[in-house]
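The lines below spell out each chain.
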Amino acid sequence: MRFLHTADWQIGMKATVLGDGGARVREERLAAGRRVVETAKSHDVDFLLVAGDLFEDNAVDRVLVQKVADILNSFGRPVFVIPGNHDPLVPGSVWDHPAWRSASNVHVLFEEVPVEVADGVLYPCPVREKHSGRNPTSWIPLERNRRIRIGMAHGTVEGVRQDEPDYPIPRDAPQRAGLEFLALGHWHSYGTYPGSDGATYMAYSGTHETTNFGERDSGNVLIVEILSPGA
């Protein structure tokens, strides 16, 4: 199994502090999105994961929603998306736009139910409110089988500095759920979380385009390859 993991595109961010430069910032985020798809194609991945906050908020221009759906759909293979805390699944959200119904390769995952993917199973953790003290991965059943199991969640790994818990995710969440990998969104810098054996089972891809000053390691996507169940 080989897939691309990205998150936190924040399409539609205002960048008002930059004045007239804000328009350039917004365009560059779309351009970076197109490069994400080209990267997925060049690495011949089986599918693409977007771990939340595809949009800055649910009030973005609906023309942008169509543009993003078209960009993702151009991959030509399955794309799986979960709502994040910036674009949560609420009435009137960006996810109500008809663009998602016409983008045949793009699957916005609204429910906490397993999804079949190439050579394995995906456990999505969609977000339905701006803030929460609930561990979004707690629903994932612990099962041992002969399939590769991956999760996709949006939240804060315990130990990350913050004022109060916001979608807290335990550092051993992949082990608790029996996952080979947990793809994370919410924090904008690349970061990995190895297990007790030193292998990486959980990571933030970070945002695909730098959002703000002080981001340690943004501007990345991750290519994840898992050779077999348990690897």
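The rules behind these values
Residues numbered from 1 in each chain as written. Predicted model: local features only at pLDDT ≥ 70, side-chain atom pairs only at ≥ 80, totals over all residues. Heavy atoms only, no water. Helix = DSSP H or I, 4+ residues; strand = E, 2+ residues; numbered from the N terminus. Rg over C-alpha atoms; globule rule 2.2 N^0.38 Å. Buried < 20%, exposed > 50% of the residue type's maximum accessible area, 1.4 Å probe, protein only. Contact = heavy atoms within 4.5 Å. Areas by Shrake-Rupley, 256 points an atom, 1.4 Å probe, with all protein chains shown as cover. Lys, Arg positive; Asp, Glu negative; His and termini not counted. Charge placed at Lys NZ, Arg CZ, Asp CG, Glu CD. Pairing = 2+ DSSP bridges. Axes fitted to C-alpha atoms, helices over the stretch in contact; angles between N-to-C directions. Expected span 1.5 Å × (residues − 1). Arc of directions from axis to C-beta. Phe/Tyr/Trp six-rings, centres within 6.5 Å; stacked < 30°, edge-to-face > 60°. Polar contact = N/O pair within 3.5 Å; in protein donor to acceptor, adjacent residues only side chain to side chain.

A. Summary view of the overall build of the chain. Regarding its fold elements, the chain presents 4 helices and 13 strands. Relative to the globule expectation of 17 Å for 231 residues, the C-alpha radius of gyration of the chain, 17 Å, shows essentially globular dimensions. Dimensions of the chain along its principal axes, counting C-alpha atoms only, are 50 × 40 × 35 Å. Looking at the chain residue by residue over its 231 residues, the buried ones come to 52%. For the chain, restricting intrachain contacts to residue pairs at least 6 apart in sequence, the fraction spanning at least 24 positions comes to 72%. When the accessible surface of the chain is totalled, it reaches about 10600 Å², and 50% of it is carbon and sulfur. Taking the average place of the 23 positive charges on the side chains of the chain and the average place of its 31 negative ones, the gap between the two points comes to 2 Å.

B. Layout of the sheet that holds strand β2 (residues 47–50). Strands sit in the order β4-β3-β2-β1-β13 across an open sheet of 5 strands; the sheet is mixed. Only two strands of the sheet have a single partner each, and these edge strands are β4 (106–108) and β13 (222–225). Within this sheet the neighbouring strands show an average axis-to-axis angle of 20°, counted without direction. Judged from the 4 bridges that link them, strand β1 (residues 2–6) and β2 form a sheet pairing that is parallel. Residue pairing for β2: Leu4 is matched across the bridge by Leu48.

C. Region of interest: helix α1 (residues 22–42). In a regular helix each residue adds 1.5 Å, so 21 residues correspond to 30 Å; α1 covers 30 Å between its end C-alpha atoms and thus fits that length. Every buried residue of α1 is listed here: Gly22, Val25, Arg29, Leu30, Ala32, Gly33, Val36, Val37 and Ala40. Here the buried residues of α1 occupy an arc of 155° about the axis, which is enough to place them on one side. The outward face of α1, more than 90 degrees from its buried face, is lined by the exposed residues Arg24 and Ser42. As for α1, its buried residues are in contact with β1, β2 and α2 (62–73). Of the residues flanking the end of α1, it is Asp44, one or two places downstream, whose phi is positive at about 50°.

D. Quick peek at the sheet that holds strand β10 (residues 181–185). Read from one edge of the open sheet, 6 strands run β5-β6-β7-β10-β12-β11, paired in mixed fashion. At either margin of the open sheet sits one strand with a lone partner, and together these are β5 (115–117) and β11 (191–194). Across this sheet, the average inter-strand angle for adjacent strands is 20°, counted without regard to direction. Relative to strand β12 (residues 200–204), β10 runs parallel, the two sharing 3 bridges.

E. A look at the packing of aromatic side chains. Applying the stated criterion to the full structure yields 8 aromatic pairs. Each ring, one from Phe3 and one from Phe181, has its centre 6.0 Å from the other, and the planes form 55°; the classification is tilted. A residue pair is termed long-range when its members are at least 10 positions apart, and Phe3 in strand β1 and Phe181 in strand β10 qualify at 178 residues. Taking the relative accessible area as the measure of exposure, Phe3 reaches 0% and is therefore buried. Looking at Phe181, the relative accessible area reads 5%, which means it is buried.

F. Local environment of the environment of Val36. Within the element layout of this structure, Val36 appears in helix α1. Judged by relative accessible area, Val36 falls into the buried class, the value being 3%. Distance in space between the C-alpha atoms of Val36 and Lys130 is 26 Å, their sequence separation being 94 residues. With residues up to four places along the chain from it excluded, the contact list for Val36 reads Leu4, Thr6, Trp9, Leu48, His208 and Val221.

G. Region of interest: α2. Its 12 residues place the ends of α2 17 Å apart at the C-alpha level, agreeing with the 16 Å of an ideal helix rising 1.5 Å per residue. Within α2, the full set of buried residues consists of Leu64, Val65, Val68, Ala69, Ile71, Leu72 and Asn73. On its buried face, α2 is in contact with α1, β2, β3 (79–81), α3 (99–102) and β4. Looking at where α2 begins, the residue whose side-chain oxygen comes 2.8 Å from the main-chain nitrogen of Val63 is Asp61.

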